[in-house]
Amino acid sequence: MPTSCTIAMKRINLMYRTCSRSNTRSLIVFLLILLAIGLVMTGMLETIASRRYLNSDHLPPRKSRIQPVSDEPPPKTVVLTTTNSAFLDLTENWLYSIQSCGVWPNITVIAEDRAAYEALRKMKFNIHVTLADQLSTADNLLFDTPEYKRFVNKRADYILALLHNGYDVLFSDVDTYWVKNPFPYFEEGYDIFTQADQLPPLPQVLCAGFVFYKATGQTLKFVRTWITRMAIKKQKLPDQVVLNQLIMKCMKNKNGVKVKVLDPNLFVSGQFYFNDDWRSKNPHVQPVMLHNNWVIGHDVKVQRFKKIGMWSIK
């Protein structure tokens, strides 16, 4: 009389033979199920990661009390910046410049310290203010210092969170000044538009402080890679250095994300525009946006803006 163990083994063998006869079909079905589960889990993880920075309550307002008088930005576009207490006056000046150029998009300002958060909420602009999850210093930031790198290297995570929610993102440093509406210059056919920091014949250097990211699959892939590369670098590099490395590689190989370098005579670097000699030799230049970069320190940036009449705070 067969034992229960023998009967169990016979059943297992029968099941194995039955499975073997249709193993190809079963294997295909099994692999498809695994693939579906993997895709669902990937989406869940990305959603969780995004919510770490911007949950649904943090998405920017869709309406503005100021109606643009020129080409409107796409309805699902966010202008994003980060700031701290030391740069609140530059942030306010930046907001005044946007208001004066005849366009008022959805604007999200991420405060990197609590005092900046409270001050921004009191400003009389129709903006969305959110407090960073991991707070940074409220003090003046000097270029290329460890604290500066920690501050700027968080920006890619904020950008990814908004892209993941389907928003196109224009990241703009607060030391920029908008003279005209920039959105008509972001034409179709590209994933990323970025400002050039140098003019030919100087080597091309792209600026991470004024970049328009379209919410495309290629852009999402690019920004994820950007974040990963910054995290694995043993020597902490500023986000702009890693951004340049990745973009140059894409442009050289002519694959991946499609990048448009904005006209440097319209989106002007501070290396040139704040130089009196350069402006006198280029009187035809009518910038859309100018960037008060290529100089270190808060006070000198303010003085530069005041010198050329682009300081709106009384």
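Residues numbered from 1 in each chain as written. Predicted model: local features only at pLDDT ≥ 70, side-chain atom pairs only at ≥ 80, totals over all residues. Heavy atoms only, no water.

**Here we look at the overall build of the protein chain**
Secondary structure assignment for the protein chain yields 11 helices and 10 strands. Taken across its 314 residues, the protein chain has 45% of its residues classed as buried. Within the protein chain, contacts between residues at least 6 apart in sequence are counted, and of these 71% link residues at least 24 apart. As displayed, the protein chain offers around 17,000 Å² of accessible surface, 58% of which is attributable to carbon and sulfur atoms. (Helix = DSSP H or I, 4+ residues; strand = E, 2+ residues; numbered from the N terminus. Buried < 20%, exposed > 50% of the residue type's maximum accessible area, 1.4 Å probe, protein only. Contact = heavy atoms within 4.5 Å. Areas by Shrake-Rupley, 256 points an atom, 1.4 Å probe, with all protein chains shown as cover.)

**A look at helix H6 (residues 155-164)**
An α-helix turns once every 3.6 residues. As a result, residues three or four positions apart point the same way. Among the 10 residues that make up H6, nine are buried, leaving the element largely enclosed by the rest of the structure. Regarding H6, the residues found buried are Arg155, Ala156, Asp157, Tyr158, Ile159, Leu160, Ala161, Leu162 and Leu163. Looking one or two places after H6, you find Gly166, whose phi comes out positive at around 90°.

**Details of the nonpolar core**
One broad rule of soluble globular proteins: the nonpolar side chains tend to lie buried together. Trp94, Ile107 and Trp178 are the most contacted members of the largest nonpolar core, which totals 46 residues. Here this core gets five residues from one element, more than from any other, and that element is helix H3 (residues 88-100). For Trp178, the residues in contact, after removing those within four places along its chain, are Val79, Trp94, Ser97, Ile98, Cys101, Val103, Leu170, Ser172, Phe183, Phe210, Val288 and Met289. Core analysis: the second largest hydrophobic core is formed by 32 residues, Leu160, Leu163, Val169 and Ile247 among them. (Core = buried A, V, L, I, M, F, W, Y, C linked by side-chain atoms within 4.5 Å.)

**Describing the sheet that holds strand E10 (residues 289-291)**
Read across the open sheet, the three strands follow the order E5-E10-E9; overall the sheet is mixed. Each end of this open sheet is capped by a strand with a single partner; those strands are strand E5 (176-178) and strand E9 (267-268). Where E5 and E10 come together, three bridges link them in antiparallel fashion. In the sheet register, Tyr177 faces E10, and the bridge partner there is Leu290. (Pairing = 2+ DSSP bridges.)

**Digging into the pairing of strand E4 (residues 168-172)**
Extensive coverage of E4 is indicated by the burial of five of its five residues. Here E4 shows a buried face lined by Asp168, Leu170 and Ser172 and a second buried face lined by Val169 and Phe171. Examined bridge by bridge, strand E1 (residues 77-83) and E4 share four bridges and lie parallel to one another. Following the sheet pairing, Val78 is matched in E4 by Val169.

**A closer look at unusual backbone geometry**
Of note, the phi angle at Trp294 is positive, near 60°, even though the residue is not glycine. Inspection of the secondary structure puts Trp294 in the loop between E10 and helix H11 (298-307).

**Details of the sheet that holds strand E2 (residues 106-111)**
Taking strand neighbours across the sheet as the criterion, the seven strands line up as E3-E2-E1-E4-E7-E6-E8 in an open arrangement whose pairing is mixed. The outermost strands of the open sheet, each flanked by one partner alone, are strand E3 (128-131) and strand E8 (259-261). Within the sheet, the average angular offset between the axes of one strand and its neighbour, ignoring direction, is 25°. As defined by bridge partners, E1 adjoins E2 across six bridges and the pair is classed as parallel. When the sheet's bridge partners are listed, Thr82 is paired in E2 with Ile110. (Axes fitted to C-alpha atoms, helices over the stretch in contact; angles between N-to-C directions.)

**So, the side chain of Ser97**
Tracing the chain through its elements places Ser97 in helix H3. Using a relative accessible area of 0% as the deciding quantity, one classes Ser97 as buried. Here the side chain of Ser97 touches Trp178 through a polar contact of 3.1 Å, landing on its backbone nitrogen. With residues near it in sequence (within four places) discarded, Ser97 still touches Tyr177 and Trp178. (Polar contact = N/O pair within 3.5 Å; in protein donor to acceptor, adjacent residues only side chain to side chain.)

**Things to note about the pattern of salt bridges**
Taken as a whole and judged by the stated rule, the model has nine salt bridges. Between Asp239 and Arg155 there is a salt bridge; the shortest N-O distance is 2.9 Å. With Asp239 in helix H8 (residues 239-253) and Arg155 in helix H6, this residue pair connects regions lying 84 residues apart in the sequence. Like Asp239, the residue Arg155 is buried in the burial classification. Through salt bridges with shared partners, one network takes in Arg155, Asp173 and Asp239. (Salt bridge = Lys/Arg side-chain N within 4 Å of Asp/Glu carboxyl O.)

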